[in-house]
Amino acid sequence: MCLAVPGKVLSLHERDGTLMSVVDFGGVHKDVCLQYIPDAAVGDYVVVHVGFAIQRLDEESALRTLAEFEHLGVLNEEFGDGFAIAAKQAGLDNPAIESSREEPEARS
């Protein structure tokens, strides 16, 4: 699933001539492109879709939406471990956990 998720702009920076930001999505921090909203400021709430901020959102609406997404488990779907989620949906064990349980190769 791919949603537009609200988040809070934590910092602004430029990368290769592109305006970027670190955005907080309820505790998960991601790099986001701000080219569509170049006047966004630290502290603003923005709606992000596939790594691009596409509009501003007021704080009350953003927090209400994040709380609802958290309640529905959507934030975990969007930002969680994709392998673990796919394995769970398929009724299988998480391959990342299984491989970490195996003994490491002995080196001489």
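All values derive from a computational prediction rather than experimental measurement.

## Points about the pattern of salt bridges
Applying the stated rule across the entire model yields four salt bridges. Note that D31 is salt-bridged to R15, the shortest N-O span being 2.9 Å. Residue D31 is found in strand β3 (residues 28-33), and its partner R15 is found in strand β1 (residues 5-15); the two are separated by 16 residues along the sequence. Note on D31: relative accessible area 44%, which makes it partly exposed. In this structure, E60 and R64 form a salt bridge, with 3.2 Å as the shortest nitrogen-oxygen distance. Within this pair, E60 and its partner R64 are both found in helix α1 (residues 59-72), separated by four residues, close to a single helical turn. A relative accessible area of 56% places E60 in the exposed class. One salt-bridge network, in which partners are shared between bridges, spans D39, D44 and R56.

## A word on the environment of F69
Inspection of the secondary structure puts F69 in helix α1. Taking C-alpha positions, F69 is 9.7 Å from G26, a pair spaced 43 residues apart along the chain. In this structure F69 touches L3, A4, V5, P6, V74 and L75, once residues within four positions along its chain are discounted.

Parameters at a glance
- Residues numbered from 1 in each chain as written.
- Predicted model: local features only at pLDDT ≥ 70, side-chain atom pairs only at ≥ 80, totals over all residues.
- Heavy atoms only, no water.
- Salt bridge = Lys/Arg side-chain N within 4 Å of Asp/Glu carboxyl O.
- Helix = DSSP H or I, 4+ residues; strand = E, 2+ residues; numbered from the N terminus.
- Buried < 20%, exposed > 50% of the residue type's maximum accessible area, 1.4 Å probe, protein only.
- Contact = heavy atoms within 4.5 Å.

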